[in-house]
Amino acid sequence: MSDEVGVNVVKGKSKGEAAEMLAEAMVGLTDTFEAMLEDIRSPAAEAPVRSGYDKFREDTSVFLGELQNHGLQLADNIQSGASAAAKNDYESSEGFDDPWPGLSRDVNG
């Protein structure tokens, strides 16, 4: 574990963007899966085999749809968390005084 406390806003934002790219790559996964399964199911002549494919498609399509939604929600949550941390840091910093009042900040003088 780290001894540090805080949020690396830049890293959080980039991780959120990476999660968003992965989630966007999953869009259409259900359609691709169903098309692939239909190609496999079509040659199956026997009704029990076809109904097995149908049940598998039904169960898995629901799961794939949920997976896509969770991926998009994860990306949004990571980016929102980084944004909220940045806003909190900014708002909190306004209440602090200069640590060296009276000391000139002019480095040339």
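Here's a quick rundown of the structure. Values in this document were obtained by computation on a predicted structure and should not be read as measured data.

Take the packing of helix H2 (residues 29-41) against helix H3 (residues 47-93) next. Between H2 and H3, the least distance of the axes is 9 Å, while the angle of their chain directions is 170°. Comparing their axes, H3 and H2 come out roughly antiparallel. Counted together, Leu29, Thr30, Phe33, Glu34, Leu37, Glu38, Ile40 and Arg41 of H2 and Arg50, Tyr53, Asp54, Phe56, Arg57, Thr60, Ser61, Leu64, Gly65 and Gln68 of H3 form the full contact between these two elements. For the contact of H2 with H3, a count of residues per class yields seven nonpolar, five polar and six charged.

Applying the stated rule across the entire model yields three salt bridges. Note that Glu38 is salt-bridged to Arg57, the shortest N-O span being 3.2 Å. Here Glu38 is found in helix H2, whereas its partner Arg57 is found in helix H3, with 19 residues between them in sequence. We classify Glu38 as partly exposed; its relative accessible area is 29%. Of the residues examined, Arg57 reaches a relative accessible area of 22% and is grouped as partly exposed. The network of salt bridges with shared partners includes Glu38, Asp54 and Arg57.

Let us now look at helix H1 (residues 9-26). Across its 18 residues, H1 extends 26 Å between first and last C-alpha, which sits within 8% of the 26 Å expected from 1.5 Å per residue. By the burial criterion, the buried members of H1 are Gly12, Gly16, Ala19 and Ala23. One side of H1 holds all its buried residues, which, seen down the axis, span an arc of 65°. For H1, exposure combined with an orientation more than 90 degrees from the buried face picks out Val10, Met21, Leu22 and Ala25. The secondary structure elements touched by the buried residues of H1 are H3. Just past H1, the residue Gly28 takes up positive phi, approximately 90°.

Here we come to H2. An α-helix turns once every 3.6 residues. As a result, residues three or four positions apart point the same way. Over its 13 residues, H2 runs 18 Å from end to end, which matches the ideal 18 Å to within 8%, given 1.5 Å per residue. For H2, the set of buried residues is Thr30, Phe33, Leu37 and Arg41. Projected down its long axis, H2 shows its buried positions confined to an angular sector of 65°, all on one face. Facing away from the buried surface of H2 by more than 90 degrees, the exposed residues are Asp31, Thr32 and Asp39.

Rules and cut-offs
- Residues numbered from 1 in each chain as written.
- Predicted model: local features only at pLDDT ≥ 70, side-chain atom pairs only at ≥ 80, totals over all residues.
- Heavy atoms only, no water.
- Axes fitted to C-alpha atoms, helices over the stretch in contact; angles between N-to-C directions.
- Helix = DSSP H or I, 4+ residues; strand = E, 2+ residues; numbered from the N terminus.
- Parallel < 35°, antiparallel > 145°, perpendicular 65-115°, else oblique.
- Contact = heavy atoms within 4.5 Å.
- Nonpolar A, V, L, I, M, F, W, Y, C, P; charged D, E, K, R; others polar.
- Salt bridge = Lys/Arg side-chain N within 4 Å of Asp/Glu carboxyl O.
- Buried < 20%, exposed > 50% of the residue type's maximum accessible area, 1.4 Å probe, protein only.
- Expected span 1.5 Å × (residues − 1).
- Arc of directions from axis to C-beta.

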